[in-house]
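Observations on chain architecture
Listed here are the chains, written in short residue letters.
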Amino acid sequence: MAVVVGVDAGGTASKAVVTDLDGTVLGRGSAGPGNPSATGAPAARAIGSALRSALGTIDPASVTAGVVGVAGASAVADPAIRSAFDEEWAALGLTCEIPIVGDAVTAFAAGGDWTAGAVLISGTGAVAALVDDLEVTRVADGLGWLLGDEGSGLWLGLQAVRRAARAWHTPLAREVAAHAGAATPDDLVHWAQALPPFGTLAPLVCELAGGGDPDAAAIVSDGAARLVATLDELEAPDAPVVLAGGLLTADTPIRRAVAAGLQARGTALGTAGDPALGAARLALRRR
């Protein structure tokens, strides 16, 4: 029996799916972070582990096509990382070509039947991409947390820490301090300088914003505006838009603000379902 595989890999986890040629899911697997820009060669091993789990008892030789969508796909141009992926495919027993594409492509494929349009992603990071014939033709942001990723989960958390450090006696600051185990502003500064996973604060920011906290609401409003501004950098105002990433697919205040703004423009919106399944569907189209 011929099968195809699809993978969605980012800074938090790698998720794989196996389907038959009718698109019926036969297996799923998951593993650790699979962003090669962030983790280097270990990303290939994480993705391989997720695929191995998804295949289970299915013969790898029956895989006739596959697509891997990753955050940080440009890193695969590094010979050492490319070699790590080649070694992983060989160790798995895969014999077909497994193209590695940006996660924007697979997210767009998971959001509807359009073959051209835009995708706006906000999860651990944030990026917008213009897709035509299932290829990325233009990208905005996706620059990493030091230079961009505006409106992402990490960005939301970092803004919360910055506000807390400057306004210590606010409700937001109390919640951030509790998360960080900080008793004083200096404690919070020391915690932040260790570069903790700021993105873990994003759910807290969203919860407080939903409850009416003015500081959290201001962060969310700013984040949503920045995401829309990133989308506008694509200069494709008439394109349908697929919303993707945890902050834009779940019912969050960020999603509600972004969706409301785009719908007011008359933008056709879709929501990415399972990006790994989107990758598998993309593999089926490319067989």
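Here the structure is a predicted model, which means the values were calculated and not measured. (Residues numbered from 1 in each chain as written. Predicted model: local features only at pLDDT ≥ 70, side-chain atom pairs only at ≥ 80, totals over all residues. Heavy atoms only, no water.)

**Focus: the overall build of the protein**
Rules: A run of H or I in DSSP counts as a helix once it spans at least four residues, and a run of E counts as a strand once it spans at least two, with each numbered from the N terminus. Only C-alpha atoms enter the radius of gyration; for comparison, a globular chain is expected to reach 2.2 Å times N to the power 0.38, where N is the number of residues. Residue exposure (1.4 Å probe, protein chains only): buried if accessible area is under 20% of the type maximum, exposed if over 50%, otherwise partly exposed. Residue contacts are defined here by distance: any two heavy atoms, one from each residue, within 4.5 Å place the two residues in contact. Method for areas: the Shrake-Rupley scheme with a 1.4 Å probe, in which residue coverage is limited to the protein chains shown.
When its secondary structure is counted, the protein shows 12 helices and 10 strands. Its C-alpha atoms give the protein a radius of gyration of 20 Å, within 12% of the compact-globule value 19 Å for 287 residues. Expressed as lengths along the three principal axes of its C-alpha atoms, the size of the protein is roughly 60 × 45 × 30 Å. In the protein, which comprises 287 residues, the proportion classed as buried is 51%. Contacts in the protein between residues at least 24 apart in sequence constitute 65% of all its contacts with a sequence separation of at least 6. Accessible surface for the protein amounts to roughly 12,500 Å². Of this, 52% is attributable to carbon and sulfur atoms.

**Section: helix H11 (residues 253–264)**
Short version of the rule: For a helix, the expected span equals 1.5 Å multiplied by the residue count minus one.
The end-to-end C-alpha separation of H11 is 16 Å, in line with the 16 Å expected for 12 residues at 1.5 Å each. What H11 keeps buried is the set Pro253, Ile254, Val258, Ala259 and Leu262. Immediately beyond the C-terminal end of H11, within one or two residues, lies Gly266, with a positive phi of roughly 85°.

**Some remarks on the pattern of salt bridges**
What counts, and what does not: For salt bridges, the criterion is a side-chain nitrogen of Lys or Arg within 4 Å of an Asp or Glu carboxyl oxygen.
Tallied over the entire structure, the rule returns 9 salt bridges. Where Arg138 meets Glu235, a salt bridge forms, and the shortest distance between an N and an O atom there is 3.2 Å. Of the two residues, Arg138 is situated in strand S8 (residues 135–141) and Glu235 in the loop between helix H9 (214–232) and strand S9 (241–244); the sequence distance between them amounts to 97 residues. Residue Asp215 pairs with Arg163 through a salt bridge whose shortest N-O separation is 3.3 Å. With Asp215 in helix H9 and Arg163 in helix H5 (residues 153–166), this residue pair connects regions lying 52 residues apart in the sequence. Through salt bridges with shared partners, one network takes in Glu150, Asp222 and Arg226.

**Re the environment of Ala129**
Positionally, Ala129 belongs in strand S7 (residues 126–132). You can call Ala129 buried: its relative accessible area is 1%. Residues within four places of Ala129 in sequence aside, it is in contact with Ala104, Gly117, Ala118, Val119, Val136, Arg138, Val139 and Leu234.

**Remarks on unusual backbone geometry**
Notably, Asp141 is not glycine yet its phi reads approximately 60°, a positive angle. For Asp141, the position within the fold is in strand S8.

**As for the layout of surface pockets**
In plain terms, the rule: The method works on a 1 Å grid over the protein atoms by themselves. A cavity is a set of points holding a 1.4 Å probe that cannot get out, a pocket is an open set with protein on both sides within 12 Å along at least five of seven lines, and residues with an atom within 4 Å of a point line them. Grid points are joined across faces, edges and corners, and a volume is the space filled by probe spheres set on the points. Each residue gets one label: Ala, Val, Leu, Ile, Met, Phe, Trp, Tyr, Cys and Pro are nonpolar, Asp, Glu, Lys and Arg are charged, and the others, such as Gly, are polar.
Estimated volume of the largest pocket: approximately 1,400 Å³. As for the largest pocket, its lining consists of 50 residues, of which Gly10, Gly11, Ala71, Asp103 and Gly125 are closest to the centre. Residues belonging to the lining of the largest pocket are distributed by class as follows: 24 nonpolar, 20 polar and 6 charged.

**Details of the nonpolar core**
Soluble globular proteins: nonpolar side chains tend toward being buried together. We count it as follows: Buried Ala, Val, Leu, Ile, Met, Phe, Trp, Tyr and Cys residues form a nonpolar core when they are joined through side-chain atoms within 4.5 Å.
Membership of the largest hydrophobic core comes to 48 residues, with the highest contact counts inside it found for Leu120, Leu188, Ile254 and Val258. With residues up to four places along the chain from it excluded, the contact list for Leu120 reads Val127, Ala128, Leu227, Leu231, Val241, Val242, Leu243, Ala244, Leu248 and Val258. Judged by nonpolar contacts, the second largest core, of 27 residues, contains Ala54, Leu55, Ile58 and Val68.

**Considerations on the packing of helix H2 (residues 42–55) against helix H3 (residues 79–92)**
As a reminder of what qualifies: To define axes, lines are fitted to C-alpha atoms, for helices over the stretch in contact only, and angles between the resulting N-to-C directions are given on a 0 to 180 degree scale. Should an angle lie under 35 degrees it is considered roughly parallel, over 145 roughly antiparallel, and from 65 to 115 roughly perpendicular; all remaining angles are considered oblique. Should the near helix be turned anticlockwise from the far one by less than a right angle, the crossing is termed left-handed; should it be turned clockwise, right-handed.
At a minimum axis distance of 9 Å, the contact between H2 and H3 shows a crossing angle of 25°. When the axes of H2 and H3 are compared, the pair comes out roughly parallel. Of the two elements, H2 crosses H3, and the hand of that crossing is right-handed. Of H3, the residues touching H2 (which contributes Ala43, Ala44, Arg45, Ile47, Gly48, Ser49, Leu51 and Arg52) are Ala84, Phe85, Glu88, Trp89, Ala91 and Leu92.

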